[in-house]
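Structural description and commentary
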Amino acid sequence: MTAPTARPRVLSGIQPTADSYHLGNFLGAVKQWVALQDEHESFYFIADLHSLTVEHDPKLLRERTYVAAAQLLAAGVDPARSAIFVQSHLPEHAELGWVMQCITGFGEARRMTQFKDKSAKGGEGASSVGLFAYPMLMAADILLYRPAYVPVGEDQRQHLELSRDLAQRFNHRFKKTFRVPEPYILKETAKIYDLQEPTVKMSKSASSPNGIINLLDDPKVTAKKIRSAVTDSETDVRFDVEHKPGISNLLGIYSALTGTSIDDIVAKYVGRGYGDFKGELADVVVDFVTPFREKTLALLDDKAELDRILAEGAATARTVASATLADAYERLGLVRPTGQQVR
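Residues numbered from 1 in each chain as written. Predicted model: local features only at pLDDT ≥ 70, side-chain atom pairs only at ≥ 80, totals over all residues. Heavy atoms only, no water.

1. Quick notes on the packing of helix α3 (residues 92-102) against helix α6 (residues 129-143)
Applied cut-off: Here the axes come from fitting lines to C-alpha atoms, over the contacting stretch only for helices, and the angles between their N-to-C directions go from 0 to 180 degrees. Helix and strand definitions here come from DSSP, where helices need a minimum of 4 consecutive H or I residues and strands a minimum of 2 consecutive E residues; each element is numbered from the N-terminal end. Note that the term roughly parallel is reserved for angles under 35 degrees, roughly antiparallel for angles over 145, roughly perpendicular for angles of 65 to 115, and oblique for everything else. Take the far helix as the reference: if the near one is turned anticlockwise from it by less than a right angle, the crossing is left-handed, and if turned clockwise, right-handed. Throughout, a residue-residue contact means that at least one pair of heavy atoms, one from each residue, lies within 4.5 Å. Three classes are used: nonpolar for Ala, Val, Leu, Ile, Met, Phe, Trp, Tyr, Cys and Pro, charged for Asp, Glu, Lys and Arg, and polar for all others, with Gly counted as polar.
Viewed as axis vectors pointing N to C, α3 and α6 meet at an angle of 120 degrees, and their least axial separation amounts to 8 Å. When the axes of α3 and α6 are compared, the pair comes out oblique. Relative to α6, α3 is oriented so that their crossing is right-handed. Of α6, the residues touching α3 (which contributes His93, Ala94, Leu96, Gly97, Met100 and Gln101) are Ala133, Met136, Leu137, Ala139, Ala140, Asp141 and Leu143. Here the contact of α3 with α6 is built from residues that sort into nine nonpolar, three polar and one charged.

Written out as structure tokens, the structure is:
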């Protein structure tokens, strides 16, 4: 009899920086996290420490952390199959983050494009050291769990490359401690664009209120946004990103939510106008967001249960994170407390 093979481990996180996930978050990342649970040992966390890199409202951060966790559960992240936890519940993240800062060059950190982008508005001098060190904490988030794969979008590829570089650097300078993770690039077909500016990716920071589908909005509001989405002066429903970005975006949403191929959807609407298509797409979106919203709100009504799930997830995560940190500290030459074992 062949011994069972251990499932490869995956790790990913999401910041609690909005009152609701939007459709792009779900289709571009969370939906695929759910699918990964079937064949992977999964660790998913709410990256609340990363939210401290910019000014924030403490009460709002606390509530959004619960909202983020509830939405992951409503989306299908199963605490029986995945560890779901809050980043700040494990001090190992911040501790290894300091280690990563100590082996990262200043110039190397300064080249991170997200720091350049996020500091551009107020100027580098007004940005926090935390924002500058954000990628090193992200590297610690990843390396603590020694994952085989890290699900990332293209906008996070540079940060994952830094994590890989730091893992290799530490392993070379001291002793092999960290697994060098591979990217699990999320499918480009799931990229969702602004309903009002369909050449711009749907984003909480860049999209107008009418251009973004928030999953916790009233379904009637969501349906109206779909029906009011920008298209073009033609009437035929066909996929053409260059000449018909609005309709192409809506076709992508329809396909992603129903599992129907874009070709089959186009064939269904031959000879029919945009009105029919957008009206039926609105129904498809409402059929998805309604139960999602109801599940999320029900979970938020029972914070004690959410706390229990997050505590269990943190306990599972700690068994891995604490062992990795102990190994790293030992190999750095730090004196460990009596009785702490090193593998």
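Following the structure, the description resumes.
2. Re the nonpolar core
The tendency in soluble globular proteins is for nonpolar side chains to be buried side by side. Worth spelling out the cut-off: Side-chain atoms within 4.5 Å are what join buried Ala, Val, Leu, Ile, Met, Phe, Trp, Tyr and Cys residues into a set we call a nonpolar core. Here the term buried applies to any residue with accessible area under 20% of the maximum for its type, exposed to any over 50%, and partly exposed to those in between, with areas from a 1.4 Å probe on protein chains only.
Counting residues in each nonpolar core, the largest one holds 59 residues, and the members touching the most others are Leu23, Leu72, Leu195, Leu215, Ile253, Phe277 and Leu281. No other element matches helix α11 (residues 274-300), which puts eleven residues into this core. Those residues in contact with Leu195 that lie beyond four places of it in its chain are Met202, Asn210, Gly211, Ile213, Lys225, Ile226, Ala229, Val230, Asn249, Leu250 and Ile253. Residues Leu90, Leu144, Ala167 and Ala314 belong to the second largest nonpolar core, which totals 39 residues.

3. Focus: the pattern of salt bridges
Formally: Here a salt bridge means any side-chain nitrogen of Lys or Arg lying within 4 Å of a carboxyl oxygen belonging to Asp or Glu.
Using the criterion set out here, one finds 21 salt bridges in the structure. Across the pair Glu280 and Lys268 runs a salt bridge, and its minimum N-O distance is 3.6 Å. Of this pair, Glu280 sits in helix α11 while Lys268 sits in helix α10 (residues 262-268), and the two are twelve residues apart along the sequence. Glu280 sits in the partly exposed class, given a relative accessible area of 26%. Arg272 is the salt-bridge partner of Asp276, the closest N and O atoms lying 3.4 Å from each other. Its relative accessible area of 39% is what places Asp276 among the partly exposed residues.

4. Some thoughts on the packing of aromatic side chains
Inclusion rule: Here the aromatic set is Phe, Tyr and Trp, taking the six-membered ring for Trp, and pairing holds for ring centres within 6.5 Å; pairs whose planes are under 30 degrees apart are stacked, those over 60 apart are edge-to-face, and all others are tilted. In our convention, an over-ring charge means Lys NZ or Arg CZ found within 6 Å of a ring centre and within 35 degrees of that ring's normal.
With the rule as written, the count across this model stands at 13 aromatic pairs. With centroids separated by 4.8 Å and ring planes inclined at 10 degrees, the aromatic side chains of Trp33 and Tyr44 adopt a geometry described as stacked. A residue pair is termed long-range when its members are at least 10 positions apart, and Trp33 in helix α1 (residues 23-36) and Tyr44 in strand β2 (residues 41-46) qualify at eleven residues. Grouping residues by exposure puts Trp33 and Tyr44 together as buried. Through a chain of ring-to-ring contacts, the aromatic side chains of Phe43, Phe45, Phe85 and Tyr145 assemble into a single cluster. Over the ring of Tyr66 we find Lys303, and its NZ or CZ is 4.8 Å from the ring centre.

5. Some remarks on α1
For the record, the criterion: One less than the residue count of a helix, multiplied by 1.5 Å, gives the span that helix is expected to have. The reported bend at a residue is simply the angle between two axes, fitted to the 7 residues ending at it and to the 7 residues beginning with it.
For α1, with 14 residues, the first-to-last C-alpha span of 19 Å sits near the 20 Å given by 1.5 Å per residue. Residue Val30 marks the point of greatest curvature in α1, where the axis turns by about 35 degrees. Burial of α1 is extensive: eleven of the 14 residues sit out of reach of the surface. For α1, the set of buried residues is Leu23, Gly24, Phe26, Leu27, Gly28, Ala29, Val30, Gln32, Trp33, Val34 and Leu36.

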